Amino acid sequence: MSAEIIDGRKVAALLRERVQEDVQEWCTKGNRRPFLQVILVGDDPASIVYTGTKTKACMEVGIETDTMVLQDTISEFELKEIIQSCNANDEIDGILVQMPLPSHLSQHSVIEAIDHRKDVDGFHPMNVGRLSLNQPCFKSCTPAGIMELLKHYSIPVKSQHAVVVGASNIVGSPMAVMLSRENSSGKATTTICHKYTRDLTAHTIHADILIVAAGQPHLIKAEMVKQGVVVIDVGINRVADETNEKGYRLVGDVDYDSVKKKASWITPVPGGVGPMTVAMLMKNTLLAAKKSLYPN
Ligand code: NDP
């Protein structure tokens, strides 16, 4: 048996197409184009790649965007002042501060400075809190994209046992909330594991749906999962590979080749979750422009 592949590139392209049509319709009605302000602090190579991917996606769907590149020596006070001016600017619908930030800046404090009505990443405590309460909010793009993938492939979630490996604020924790709380698409029985979980296999082996977001290459092996499991691999890890011209290749947190023989569904890395994250950001930016979640 070999798993069916969950094709994130295909589903993300469909989602972007829908957003593009909606943006067009929104503009045809006389509204200005949605605008996403990206703020990049420093010159971390991975962050430059990520912001580039987001800019390209914006252009594809007709969302206007600008990336403000700031010195990595900027003080927290100065950065927050810039964020506040974006908050006050009616021409800006969504604000995205690319993470991680240089270590002298507090991620929490910077995220809290963003107006939650423009927080298209869904990281602000107001959005995180509202997610936990099942209230309309901007949802963190990666877990929201995973829920879309499950929905697209009609993979049942309700009453399943979902195990999430990884408990970060941006992926694992909101993922567990969405799987367990969301009325229309969630309602799984959810276990959340992290670094201090004793005997990880004791949990993963019982998963009907296994979501792995630990940032540990090939953490999940075939013997840790049961036959027929649905596997969503969020991890993006660079491992050295001399046969590759870049000197590395990207692998997930799941040992894909062995696990796919037991799974019923599996996401590849790359081409699984990653494209959905960007597509959901486009969707959130359009929602922000339409003020669909926060009318006032
Ligand atoms: P973080 O490093 O913020 O969090 C990792 C989480 O995994 C933590 O909760 C940590 O536990 C837990 N963890 C680490 N090692 C283990 C282990 N051996 N067993 C169980 N749990 C473990 O990472 P992110 O959540 O930001 O990202 C996770 C991965 O997903 C990364 O590879 C990242 O690159 C990728 N990613 C991919 C995205 C995409 O679009 N495809 C988007 C975002 C991230 P503890 O809380 O105890 O420290």
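Before reading further, recall that the structure is shown in the block above.
The structure contained in this document is the topic of the report that follows. From a predicted model like this one, the values you see are computed outputs, not experimental measurements. Each chain carries its own residue numbering, running from 1 in the direction its sequence is written. Local features in a predicted model are, by the rule used here, given only for residues with pLDDT of at least 70; side-chain atom pairs are given and counted only at 80 or more, and totals for whole chains, interfaces and linings are based on all residues. Calculated side-chain values reflect all of the structure's heavy atoms, with hydrogen atoms and water omitted.

### Quick word on the sheet that holds strand 4 (residues 94-97)
Logical step 1: Only strands joined by at least two bridges in the DSSP assignment are considered to pair. Only DSSP runs of H or I covering at least 4 residues are called helices, and only runs of E covering at least 2 are called strands; the numbering of each starts at the N terminus. Judged by pairing direction, the sheet is parallel, and its three strands sit side by side in the order 3-2-4 without closing on themselves. Each of the sheet's edge strands pairs with one partner strand only, and the pair in question is strand 3 (64-70) and strand 4. Neighbouring strand axes in the sheet, compared pairwise and without regard to direction, differ in orientation by 15 degrees on average.
Logical step 2: Pairing between strand 2 (residues 35-41) and strand 3: seven bridges, direction parallel. Within strand 3, the residue paired with Leu-40 across the bridge is Val-69.
Logical step 3: By definition, residues are in contact when any of their heavy atoms lie within 4.5 Å. Interaxial angles span 0 to 180 degrees and are taken between N-to-C directions of axes, which are lines fitted to C-alpha atoms, for helices over the stretch in contact. The sheet strands contacting helix 3 (residues 76-88) are strand 2, strand 3 and strand 4, and the helix crosses strand 2 at an angle near 175 degrees.

### What about helix 2 (residues 45-61)?
Logical step 1: Expected span of a helix: the number of residues minus one, times 1.5 Å. Over its 17 residues, helix 2 runs 25 Å from end to end, which matches the ideal 24 Å to within 8%, given 1.5 Å per residue.
Logical step 2: Per-residue accessibility, obtained with a 1.4 Å probe over protein chains only, is compared with the maximum for each type, and a residue is labelled buried under 20%, exposed over 50%, and partly exposed between these values. Within helix 2 the residues assigned to the buried category are Ser-47, Thr-51, Lys-54, Ala-57, Cys-58 and Val-61. Along the axis of helix 2, the buried positions cluster into a sector of 120 degrees, meaning they face one direction only. The exposed set on the far side of helix 2, more than 90 degrees from its buried face, consists of Pro-45, Val-49, Lys-56 and Met-59.
Logical step 3: Those residues of helix 2 hidden inside the fold are in contact with helix 1 (8-28), strand 2, strand 3, strand 4 and helix 10 (273-290).
Logical step 4: One or two residues past the end of helix 2 sits Gly-62, with phi positive at roughly 90 degrees. In this description, the arc belongs to the directions extending from the helix axis to the C-beta atoms.

### Points about the sheet that holds strand 7 (residues 209-212)
The strands that make up a sheet pair up through hydrogen bonds in the backbone, lying either parallel or antiparallel.
Logical step 1: Taken together, six strands build an open sheet; the order of strands is 1-11-8-7-5-6 and the sheet is parallel. Pairing within the sheet leaves two strands with one partner each, and these edge strands are strand 1 (4-5) and strand 6 (189-193).
Logical step 2: Pairing of strand 1 with strand 11 (residues 265-266), which is carried by two bridges, proceeds in the parallel orientation. Residue Ile-5 lies in a different strand from strand 11, and its bridge partner there is Ile-266.

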